[in-house]
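For reference, the chains in residue letters:
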Amino acid sequence: MATTILLKNIKQLVGITENSNSIKKGKSQGEVHTLNNAFVWIKNDKIASFGPMTECPEVNITTHDCSEKLVMPMYVDSHTHMVFAASRADEMTMRLHGKTYQQIAEAGGGILNSAAKLRAMSEQQLYDDAHIRLENAIKQGTGSIEMKSGYGLTIEDEMKMLRVIRVLKSLSPIPIKATFLGAHALPEAFKKNKAAYLYLVTNEMLPRIAGEGLADYIDIFCESGYFDLDDLKLVIEAGNKYGLKAKVHVNQFSSFGAVKMACDMGALSVDHLEVMNEQDYSAIAASKTIATALPLCSMFLDIPYTPGREMINRSIPLAIASDFNPGSSPSSNLNLAFALACSQMKLTPQEAFNALTYNAAFALELENEVGSIEIGKRANLIITKPANGIEDIPYWFGDNQIASVLV
Ligand code: NIG
Ligand code: FE
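Conventions adopted
Residues numbered from 1 in each chain as written. Chains lettered and ligands numbered in written order. Predicted model: local features only at pLDDT ≥ 70, side-chain atom pairs only at ≥ 80, totals over all residues. Heavy atoms only, no water. Near = heavy atom within 4 Å. Polar contact = N/O pair within 3.5 Å; in protein donor to acceptor, adjacent residues only side chain to side chain. Areas by Shrake-Rupley, 256 points an atom, 1.4 Å probe, with all protein chains shown as cover. Nonpolar A, V, L, I, M, F, W, Y, C, P; charged D, E, K, R; others polar. Disulfide = S-S within 2.5 Å. Buried < 20%, exposed > 50% of the residue type's maximum accessible area, 1.4 Å probe, protein only. Phe/Tyr/Trp six-rings, centres within 6.5 Å; stacked < 30°, edge-to-face > 60°. Helix = DSSP H or I, 4+ residues; strand = E, 2+ residues; numbered from the N terminus. Lys NZ or Arg CZ within 6 Å of the ring centre and 35° of its normal. Domains from an automatic or database assignment. Contact = heavy atoms within 4.5 Å. Buried area = accessible area lost by both parts, 1.4 Å probe. Axes fitted to C-alpha atoms, helices over the stretch in contact; angles between N-to-C directions. Parallel < 35°, antiparallel > 145°, perpendicular 65-115°, else oblique. Left-handed = near helix turned anticlockwise from the far one by under 90°. Pairing = 2+ DSSP bridges. Lys, Arg positive; Asp, Glu negative; His and termini not counted. Salt bridge = Lys/Arg side-chain N within 4 Å of Asp/Glu carboxyl O. Donors = N, O, S within 2.8 Å, 3.2 Å for Na, K, Ca; no water.

**Description of the site of ligand 1**
Turning to step 1, where the next piece is worked out: Around ligand 1, the structure places 15 residues, and the nearest of them are R88, Y101, Y151, Q252 and S328.
Turning to step 2, where the next piece is worked out: A distance of 2.8 Å is found between a nitrogen atom of ligand 1 and a side-chain nitrogen or oxygen belonging to H184.
Turning to step 3, where the next piece is worked out: Note that an oxygen atom of ligand 1 is positioned 2.9 Å from one of the side-chain N or O atoms of H272.
Turning to step 4, where the next piece is worked out: Protein contacts shield 100% of the accessible area of ligand 1, which totals 320 Å² for the unbound molecule.
Turning to step 5, where the next piece is worked out: Residues of the shell around ligand 1, tallied by class, amount to four nonpolar, nine polar and two charged.

**What about the state of the cysteines?**
Turning to step 1, where the next piece is worked out: Enumeration according to the criterion identifies zero disulfides in this entry.
Turning to step 2, where the next piece is worked out: With no disulfide partner, C263 has as its closest neighbouring cysteine sulfur the one in C222, 12 Å distant.
Turning to step 3, where the next piece is worked out: Judged by relative accessible area, C263 falls into the buried class, the value being 6%.

**Quick look at the packing of aromatic side chains**
Two aromatic rings, taken as a pair, are described by how far apart their centres are and by the angle between their planes.
Turning to step 1, where the next piece is worked out: This model, assessed by the stated rule, comprises six aromatic pairs.
Turning to step 2, where the next piece is worked out: Ring centres of F84 and F324 lie 5.7 Å apart, and the angle between their planes is 80°; this geometry places the pair in the edge-to-face category. With a gap of 240 residues between them, F84 in the loop between β6 (75–77) and α1 (89–96) and F324 in the loop between β13 (318–320) and α12 (334–343) connect regions that are remote in the sequence.
Turning to step 3, where the next piece is worked out: When the ring of F221 is compared with that of Y226, the centres are 4.2 Å apart and the planes differ by 45°; the resulting orientation is tilted.
Turning to step 4, where the next piece is worked out: Residue F221 is classed as buried on the basis of its relative accessible area of 2%.
Turning to step 5, where the next piece is worked out: In this structure, R133 is placed above the aromatic ring of F84, and the distance from its NZ or CZ to the ring centre is 3.6 Å.

**Regarding the domain arrangement of the protein**
Accessible area lost on assembly of the parts is the figure often given for the size of an interface.
Turning to step 1, where the next piece is worked out: What the domain assignment reports for the protein is domain 1 (4–73 + 372–406) and domain 2 (76–362).
Turning to step 2, where the next piece is worked out: A separation of 29 Å is found between the C-alpha centroids of domain 1 and domain 2.
Turning to step 3, where the next piece is worked out: Contacts between the two partners involve 29 residues from domain 1 and, on the opposite side, 28 residues from domain 2.
Turning to step 4, where the next piece is worked out: Taken together, both faces of the contact between domain 1 and domain 2 bury some 2,300 Å²; the carbon and sulfur share is 68%.

**Quick look at the packing of helix α5 (residues 155–171) against helix α6 (residues 194–211)**
Turning to step 1, where the next piece is worked out: At a minimum axis distance of 10 Å, the contact between α5 and α6 shows a crossing angle of 40°. If you check the angle between α5 and α6, you find them oblique. At the point where α5 passes α6, the crossing takes the right-handed sense. Contacts between α5 and α6 pair I155, E158, M159 and L162 from the former with L200, E204, M205, R208 and I209 from the latter.
Turning to step 2, where the next piece is worked out: Grouping the constituent residues of the contact of α5 with α6 by class yields six nonpolar, no polar and three charged.

**Looking at the sheet that holds strand β10 (residues 245–250)**
Turning to step 1, where the next piece is worked out: Read from one edge of the open sheet, eight strands run β6-β7-β8-β9-β10-β11-β12-β13, paired in parallel fashion. Bordering the open sheet on either side are β6 and β13, each of which pairs with just one other strand. Neighbour to neighbour, the strand axes of the sheet diverge by 25° on average, direction disregarded.
Turning to step 2, where the next piece is worked out: Judged from the three bridges that link them, strand β8 (residues 176–183) and strand β9 (residues 217–222) form a sheet pairing that is parallel. When the sheet's bridge partners are listed, A183 is paired in β9 with I220.
Turning to step 3, where the next piece is worked out: The sheet strands contacting α5 are β7 (142–148) and β8, and the helix crosses β8 at an angle near 175°.
Turning to step 4, where the next piece is worked out: Across the face of the sheet, α12 comes into contact with β6, β7 and β13 while running at roughly 95° to β6.

**Observations concerning the side chain of K247**
Turning to step 1, where the next piece is worked out: Tracing the backbone shows K247 in strand β10.
Turning to step 2, where the next piece is worked out: The charged side chain of K247 is buried without a salt bridge, its nearest counter-charge being D271 at 4.6 Å.
Turning to step 3, where the next piece is worked out: Engagement of the side chain of K247 in a polar contact is seen with the side chain of S269, the distance being 3.1 Å.
Turning to step 4, where the next piece is worked out: Within the local environment of K247, its side chain forms a polar contact with the backbone oxygen of A363, the two atoms lying 2.6 Å apart.
Turning to step 5, where the next piece is worked out: Setting aside residues no more than four positions away along its own chain, K247 makes contact with S78, E146, T179, Y217, I218, D219, I220, L268, S269, A363 and L364.

**Structural notes on the coordination of the iron ion (ligand 2)**
Turning to step 1, where the next piece is worked out: Bound to the iron ion (ligand 2) are the protein donor atoms H79 (NE2), H81 (NE2), H249 (NE2) and D323 (OD), situated 2.1 to 2.2 Å from the metal.
Turning to step 2, where the next piece is worked out: Counting along the primary sequence, the residues that act as donors to the iron ion (ligand 2) give the motif H-x1-H-x167-H-x73-D. With H81 in the loop between β6 and α1 and H249 in strand β10, this residue pair connects regions lying 168 residues apart in the sequence. The same class applies to H81 as to H249, namely buried.

**Concerning α12**
Turning to step 1, where the next piece is worked out: Within α12, eight of the 10 residues are buried, leaving the element largely enclosed by the surrounding structure.
Turning to step 2, where the next piece is worked out: Within α12, the full set of buried residues consists of L334, N335, A337, F338, A339, L340, A341 and C342.
Turning to step 3, where the next piece is worked out: The opening residue of α12, the one whose side-chain oxygen lies 2.9 Å from the backbone nitrogen of N335, is N333.

**Considering the side chain of N325**
Turning to step 1, where the next piece is worked out: Residue position: N325 is located in the loop between β13 and α12.
Turning to step 2, where the next piece is worked out: Here S328 takes part through its backbone nitrogen, which lies 2.7 Å from a polar atom of the side chain of N325.

So this is what it looks like as structure tokens:
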């Protein structure tokens, strides 16, 4: 049902933009426009107007008093694996006993473990579980989201995941984008024949998935032990043939040219980037590709954080997402990602805020719909508990500063 609401006496309205023509990078990555003692008028679920309280319209509609509180756009989570079958908490314990993420994967754990469990689960159950996770993410401030396949690894099961995402898309109050990640790991049955699996992904899965409009983007896990540069090229080209832009997993554990190749091929975003070299930085800086950092994954796996400070210094546009998944980041809490972006990646609260909202909207091509306080954008808004400014979110880390969300 379309709503008309007036938010009044807002202590500070945060993240105001006039237009969303260009992504923020370098100095502008740290620019956040605010207005003290403000109102926001929401009509038909969109931001109809906003301004100082002195100009607040006298209208007879539902009003919310936001004294002492901040109002800001909800976060945009541009990288998640929200549809999955089961917890992999046992792998966390294995890591605590000294095994690495890669060793666990080689022993049949990791992505293949998630795939085996997902294949055994009904579509309805997958949906029910993902729906609960989505509701939880929304409560934590996420107002638009991307979800990947990649735990099916057969035609039927990849399509099953994407159909779950399609139902979530149609029933959820927030925008959702779907990404086909058939090339997430090599399934057991193809262990000795990667080419055959990639043929399946690009010539059988992709045409059917694209034919049914089940995916918006294409992805691949390009990493030692998973897929290499030739595979990256093949998958991006195949996706492009079907009109799917690439958002790719690169440089999580090693750097071997994947960033440059993805940027040269016009990828929308390169995600992870924990391990970076000079060529990687120059390639993103020279392209239109968006760098996406996943600090919750770094925290959970205890691997390096994406050098976000360095990227901003080099005028690379930076987004931040959760990477929510059962193996490397079992959290969708972007408030915690916000805190880690400041304390670990050395971003200012303003830079991190833009990475989680305005820039992340570009990483989902939703910049005209969400990501800032702008007339005409969706009124997916966070109302905080009493706070002085956005720095209170990373400052009071680990504690929930959100009073409510409007979607
Ligand atoms: O983004 N790195 C590849 N894919 C996921 C993790 C997948 C898993 O461990 O289940 C990631 O970290
Ligand atoms: Fe991921």
